[in-house]
Amino acid sequence: MKKDVAVSVNNVGMRFNLSQERVDNLKEFVIKFLRKDLKFNEFWALKDIDFEIKKGERLGVLGLNGSGKSTLLKVVSGVLKPSAGSVETRGVVAPLLELGAGFSPEYTGRENIYLYGAVLGYTKEFLDERFDEIVDFSGLGEFIEVPLKNYSSGMKARLGFSIATVVEPDILILDEVLSVGDKKFRKKSENKILSMFDEGVTVMFVSHSLEQVLRLCNQAIILDSGRLVAKGPVEKVARIYKNMTE
Amino acid sequence: MTIKRYMKNFFRYKYLLVELVKKYIKLKYRRSYLGILWTLIEPLLTMMVLTLVFGTFFGNDDPQYPVYILCGRLLYSFFSSASKAGLKSISSNASMIKKVYVPKYIYVISAILSNFVTFLISLIVLVGVGAVLKVKVTPYMIQAIIPMIILFVLTLGVGLILATLNVFFRDIEYIWSVATLLIMYASAIFYQTDRVINTGNGWVFNINPVYMCISNFRDAILYGSPMNMSYCLTSAVVAVVMLIIGAILFCRKQDKFILYV
């Protein structure tokens, strides 16, 4: 991997098994195995995806519903392991997807900061140091000592966002523009992300809104049925996408 | 190179392991008045019941019989509850596995480690009961740590195997609960082994690594005698083999978990 490349996606393919009856017990498995009746209905959600994001570039991923955008994000963030090819990343990756995965409803906000921070791979020292900053940004105030099950969904989202963005990432992965919490917090979170942009973070941004991608990104790719159909500077790709969708 | 990367990844998530173990222990007793004290009260009560039934009703008048029972019960219940927790660790964390990247073995290790921590806490009961019933303090007691470590490794290996299988076949949970029952009766927790050996069925002890650990633990704590070396070696070999099988099986299948959980 070259030095100036932040994310390198090499011939990635992702295969799913879409068999209609899921065989998840032993009896069925044995019977079907003996009858040679195990159906594997293969489906490639991604096929031969190959691109690079250079350091500091902001890449928009365009595509219609079901084109494989979210699968690609999951592969790049490491949740899914590609069935073919490989993904390499350089530096700290902050996937702002599924914020708050791993929150425990029985835990207080304070306890959840440490738990979710650990899930994201932070150390205890780092969390101790940034604890006040997280609480401040979330605007939860005294609610931080209340169990999470008493939170509104907006409060949970605010806490999740505040924990996930407290790192200074090298690579930021975003799914749509985050619409977290009320208007005031949305403004605040957008500013936070834009300030990360200013610091030269590498961005991978998924959206089907062309307007957002044009505003935020300088490079773009288009996915169609799991295949990469275009890549390059955002204006050029945007024209292709426009023709495709109209 | 890959091993180095594995280690680096493990250290990165070391703190998560600590947090998950804490969470398990904290949430287990949340909302109970006695809280963590239950780790002590529960084995004490079962010991009393077992002593009453098997000591009084079946006429075993050894004054230190409660210690005999307690040694067996503590080790067995660690093995049984930890292996069951390990078995479920992947399927019960399905929603998290689908959303964030965390090395998946962390779930299995944290499930087993948290049971090991509660097991260590519950050893306080053994110290208390031992003191009351005047168990002789001998230098051999230090050896008790060896069967404990072997049992931990064994449980981790079994846990990894069960967790992997349970992702693909949900029947494993029910099969394993019957299997642990069988292991319990074959581990001489509340009876003396000579009764079984006299009937010519002593072989069950020679194929049961859990019993071997319990027996060595009793030698160290209760009888103040050196360990049975053949038990020690056999159980250690079985434990390491299980861990290797478990680790290989888990590593090979872990990327598929997300498609099945």
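Preceding block: the structure.
In this report, we go over the structure that sits alongside the text. (Residues numbered from 1 in each chain as written. Chains lettered and ligands numbered in written order. Predicted model: local features only at pLDDT ≥ 70, side-chain atom pairs only at ≥ 80, totals over all residues.)

### Some points on the overall build of chain A
Okay, so step 1: Counting its secondary structure elements, chain A contains eight helices and nine strands.
Okay, so step 2: Among the 246 residues that make up chain A, the fraction classed as buried is 40%.
Okay, so step 3: Sequence-distant contacts, at least 24 apart, represent 74% of the contacts inside chain A between residues at least 6 apart. (Helix = DSSP H or I, 4+ residues; strand = E, 2+ residues; numbered from the N terminus. Buried ≥ 20, exposed ≤ 12 C-beta atoms within 10 Å, placed from the backbone. Contact = placed C-beta atoms within 7 Å.)

### A short note on helix α5 (residues 153-164) of chain A
Residues and elements named next belong to chain A.
Okay, so step 1: If you check α5, its first and last C-alpha atoms are 16 Å apart, about what twelve residues at 1.5 Å a residue would give, namely 16 Å.
Okay, so step 2: For α5, a buried count of nine out of twelve residues is recorded, marking the element as mostly surrounded by other parts of the structure.
Okay, so step 3: Listed as buried for α5 are Lys156, Ala157, Arg158, Leu159, Gly160, Phe161, Ser162, Ile163 and Ala164.
Okay, so step 4: Residues of α5 that are buried in the fold lie against β5 (93-96), α3 (109-119), α4 (124-138) and α6 (183-198). (Expected span 1.5 Å × (residues − 1).)

### What about the pairing of strand β3 (residues 58-63) of chain A?
Residues and elements named next belong to chain A.
Okay, so step 1: Counting buried positions along β3 gives six out of six residues, so the element sits mostly inside the fold.
Okay, so step 2: The two faces of β3 match: Arg58, Gly60 and Leu62 on one face and Leu59, Val61 and Gly63 on the other face are all buried.
Okay, so step 3: The pairing of β3 with strand β7 (residues 202-206) spans four bridges and is parallel. For Val61, the partnering residue across the bridge sits in β7 and is Val206.
Okay, so step 4: Sheet topology note: the β3/strand β8 (residues 219-224) ladder contains five bridges and is parallel. Directly across from Val61, in β8, lies its bridge partner Ile221. (Pairing = 2+ DSSP bridges.)

### Comments concerning the sheet that holds strand β1 (residues 5-17) of chain A
All names here are of chain A.
Okay, so step 1: Spatial ordering of the open sheet is given by β2-β1-β4, a layout of three strands whose pairing is antiparallel. Across the chains shown, the open sheet's two edge strands, defined by having one partner strand only, are β2 (42-54) and β4 (84-89). Across the sheet, the mean angle separating the axes of adjacent strands is 20 degrees when strand polarity is ignored.
Okay, so step 2: Looking at chain direction, β1 and β4 are connected through five bridges and run antiparallel. Across the sheet, residue Gly13 finds its bridge partner in β4, namely Ala84. (Axes fitted to C-alpha atoms, helices over the stretch in contact; angles between N-to-C directions.)

### Regarding the sheet that holds β7 of chain A
Strand-to-strand pairing in sheets goes through backbone hydrogen bonds, with the strands running parallel or antiparallel.
Residues and elements named next belong to chain A.
Okay, so step 1: The six strands are arranged β5-β6-β7-β3-β8-β9 in an open sheet whose pairing can be described as mixed. In the strand order of this sheet, the two ends are held by β5 and β9 (227-233), each with one partner. On average, each strand axis in the sheet is inclined to that of its neighbour by 15 degrees, with strand direction left out of account.
Okay, so step 2: Contacts from helix α2 (residues 69-77) reach β3, β5, β6 (171-175), β7 and β8, with the element oriented near 155 degrees to β6.

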